[in-house]
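# Remarks on the overall topology
The lines below spell out each chain.
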Amino acid sequence: MIRIEKLTKHYKTVRALQGIDLQVAAGELFAYLGPNGSGKTTTIRILTGLSRPTSGDAYLHGFHVEHDTLKVKKECGLVPQTINLDHELTVFENMDIHGRLFHMPARERLRRIDELLEYVEIQERKSSPIKQLSGGMKRRVMVARALMHSPRILFLDEPTVGLDPGIRRRIWSLIKRIQQAGATIFLTTHYIEEAEFLAERVAFLDEGRIIAVDTPHNLMAHLGSWALDEIANGEMETTYFKDRGEANRHIQGQEGSFSLRRVNLEDVFIFLTGKKVVP
Amino acid sequence: MRGCFAIYYRELLILKKKFFRQVASMSVGPTLYLIAFGLGMGKDVQLDGHSYLEFLIPGLVAMNSMTQSFAIASEINIARFYWRIFEEFQAAPIRNIAYVTGEVMAGITRALLSVAVIIILALCFGIVLSYNVFFWLAVVLNSFVFASLAVCLAMLVKSHADQALLTNFFITPMAFLGGTFFPVDRMPHWAQKALQFLPLTHAAAAVRSASFGQMPGWFSYVLLAAIGALLFVLAFYCVNKAKD
């Protein structure tokens, strides 16, 4: 499990994290949502030992991220936001080096590479140089590489950014399968539908602070079930209703352009912060 | 320290993939210097009882082992700023000392390869020198100094462009003033004093003495080992600093 206590991170004048408290249970698929610059990547960097916190503590399966860094690194796999594969090497070589970095014996490395490439359905490209792969394939290789050393916690930092909808859904089903295999997944995204579809619990992050944590269902239930978007005087206003009938009654007798739809997590975020979750 | 072999292995794989290009590029500079300075300008020059070509080759060995071991800085920079692979190394359960060791070992390997290229070129020019244990020890220590310096600077720079700037400030002056092309003792007294502060001056002197079959002065070896050790420790701190 992941435990974060009063975590702060300051970069000169920027306060990237301002006292984060959070717990993620073992085996949970947890989504960390927020706009760019809200502190999502900073949190992941601290939890994976890539960056030091200014103050506060964080533990992964009981290991302190600063005091037991090497143990923490063995516990977790990381799929960063930017593709960081070695483009001069092949898929196999990239995964093999990862295995060596995690001190895996040769036989285990070979077995695991075959198993994982099969798992992410990219076995036929095992000997291909990374530069010959599509964006979606590179992402799948990154997921496979992060799973090489069988981590108990997988950090996915915007795993589907820049991918087309079809490939994105393929990555989603892969993430679900990884969780079903027993891993804890900590996912950052600004794709609301991604968090809604995948996550058991969601945290909203804004300007380095967590402003809400709950299941997607509970977060949305606070607002209601239906959202009515209305364009008035060139601006869009959204009103929330418990049921469709109530929304329809509201529209009756009014003139203008209306759009009735289901409440989503983005509505919750906008309601809480007044901002949109944009990349 | 186990992780250092993974880092070293990765650098060897890259080197293997670019082997012929690398060897060709390692040969260009020395070949031009040997033709221009050795055969052209220094044809009738004798220095301390040796032809200029014989004088030049140990200098080129020292210079090339410096530039090739320092070139690891560019590889680190490409990995860090372009491919972002440095993050993959940092996320692995290996100590920063293992990372520095792996990169320094890769730098030394590149340097040894470039020296092998020069020895073959020297043979083509009909020059056979003594490549004894003191020769190789001087080459390894020189490469150790500049590979460690390369890791330090690669961690301190903020972009790939800064790297070229540092090469111009550190490596180019040393290549021309460190006893590669001319004997340092022919310089004015004040310049000789100043040039003693350059590690390449000591490396060139040690390599030259060894390749002429003379017993090299131990001071140069001790100094190179001390500077190398200092830069190695500094490289470790620079990697720690690069974390944030």
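Bear in mind that the values here come from a model prediction, so they are computed numbers and not experimental data.

Another aspect to go through is the overall build of chain A. A tally of regular secondary structure across chain A gives ten helices and 13 strands. For 279 residues, the compact-globule estimate of 2.2 N^0.38 gives 19 Å, and chain A sits close to it at 21 Å. Taking the principal axes of the C-alpha coordinates as reference, chain A spans close to 75 × 45 × 35 Å. Surface accessibility of chain A: about 12,400 Å² in total, with carbon and sulfur atoms responsible for 49%.

What follows concerns the domain arrangement of chain A. Domain assignment breaks chain A into domain 1 (2–216) and domain 2 (224–262). Taken over C-alpha atoms, the centre of domain 1 of chain A sits 38 Å from the centre of domain 2 of chain A.

Okay, unusual backbone geometry next. All names here are of chain A. In the Ramachandran plot, His61 falls in the positive-phi region, its phi being about 50° despite a non-glycine side chain. When you line up the elements, His61 lands in the loop between strand S4 (55–60) and strand S5 (63–64). One non-glycine residue, His103, lies in positive phi territory at about 60°. For His103, the position within the fold is in the loop between helix H3 (91–101) and helix H4 (106–119).

This part takes up the sheet that holds S4(A). Residues and elements named next belong to chain A. If you walk across this open sheet you meet the four strands as S2-S1-S4-S5, and the pairing is antiparallel. Only two strands of the sheet have a single neighbouring strand rather than two, namely strand S2 (14–24) and S5. Pairing of S4 with S5 involves two bridges; the strand directions are antiparallel. Note that in S5 the partner of Tyr59 across the bridge is His64.

Counted under the stated rule, the structure contains 22 salt bridges over all chains. The salt bridge involving B:Glu75 is made with B:Arg110; its shortest N-O contact spans 3.5 Å. Note that B:Glu75 is positioned in helix H4 (residues 72–82) and B:Arg110 in helix H6 (residues 96–124), a separation of 35 residues in sequence. Look at B:Arg110 and you get buried, because its relative accessible area is 8%. The network of salt bridges with shared partners includes A:Glu88, B:Lys18, B:Glu75 and B:Arg110.

Calculation notes
- Residues numbered from 1 in each chain as written.
- Chains lettered and ligands numbered in written order.
- Predicted model: local features only at pLDDT ≥ 70, side-chain atom pairs only at ≥ 80, totals over all residues.
- Heavy atoms only, no water.
- Helix = DSSP H or I, 4+ residues; strand = E, 2+ residues; numbered from the N terminus.
- Rg over C-alpha atoms; globule rule 2.2 N^0.38 Å.
- Areas by Shrake-Rupley, 256 points an atom, 1.4 Å probe, with all protein chains shown as cover.
- Domains from an automatic or database assignment.
- Pairing = 2+ DSSP bridges.
- Salt bridge = Lys/Arg side-chain N within 4 Å of Asp/Glu carboxyl O.
- Buried < 20%, exposed > 50% of the residue type's maximum accessible area, 1.4 Å probe, protein only.

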